[in-house]
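# Examination of the molecular architecture
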Amino acid sequence: MASGLAAPTRTEVLQLYRSLLRVARQFCDYNIREYTKRRTIDAFRDNKNLTDPSQLSAAFSDGKAQLEVARRQAIVYSLYAPKVKSIMDIKPS
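Definitions and limits used
- Residues numbered from 1 in each chain as written.
- Predicted model: local features only at pLDDT ≥ 70, side-chain atom pairs only at ≥ 80, totals over all residues.
- Heavy atoms only, no water.
- UniProt positions renumbered as here; feature names shortened; annotations may be inferred.
- Helix = DSSP H or I, 4+ residues; strand = E, 2+ residues; numbered from the N terminus.
- Phe/Tyr/Trp six-rings, centres within 6.5 Å; stacked < 30°, edge-to-face > 60°.
- Buried < 20%, exposed > 50% of the residue type's maximum accessible area, 1.4 Å probe, protein only.
- Contact = heavy atoms within 4.5 Å.
- Polar contact = N/O pair within 3.5 Å; in protein donor to acceptor, adjacent residues only side chain to side chain.

As recorded in UniProt, the sites labelled "domain: Complex 1 LYR protein" (unreviewed entry) are residues 12-69. As annotated, residues 12-69 comprises 83% helix and 0% strand, and the C-alpha atoms at either end are separated by 18 Å.

Shown next as C-alpha cells:
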C-alpha cells in the first residue's frame, strides 16, 4: 500500500474505486445505494487529472477514509433496513 509520502499506484487507485462501488451495492435502500455510487464516480472523475504526488496521496487517503465510512454505514443501514422494498427495487414480471 502507498505510504503517506509515496503516490498510490494505478492498481491501488483502481482497487479503491472497485471497493467503493462494491460497498455501494451493499446498501439496502435504493436512494443511498445510487447516491454512494454517483458520489464515487464523480469524485474519481474530478480527481482523474491530478498529477502532483502530494495531491494524489491526499485524495487517495481521503478515498480510503470514505471507504471505511461507507462500510460502517452499510452495516448500520442493514440493521435498520426497511421491511418493504422500494419501488425502484421491484423487478417487473
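Counted under the stated rule, the structure contains two aromatic pairs. A ring pair is formed by Tyr17 and Phe44, whose centres lie 4.9 Å apart and whose planes are at 70°; its orientation type is edge-to-face. Taken together, the residues span a long stretch of sequence, with Tyr17 in helix H1 (residues 10-25) and Phe44 in helix H2 (residues 30-46) at a distance of 27 residues. Looking at Tyr17, the relative accessible area reads 25%, which means it is partly exposed.

Looking at the element boundaries, Thr40 is found in helix H2. Once the C-alpha coordinates of Thr40 and Leu56 are considered, the two residues, 16 residues apart in sequence, prove to be 16 Å apart. When residues no more than four places from it in sequence are discounted, the contact partners of Thr40 are Tyr17, Leu20 and Leu21.

Here we come to the side chain of Glu12. Assignment of secondary structure puts Glu12 in helix H1. A distance of 2.9 Å separates a polar atom in the side chain of Glu12 from the backbone nitrogen of Thr9.

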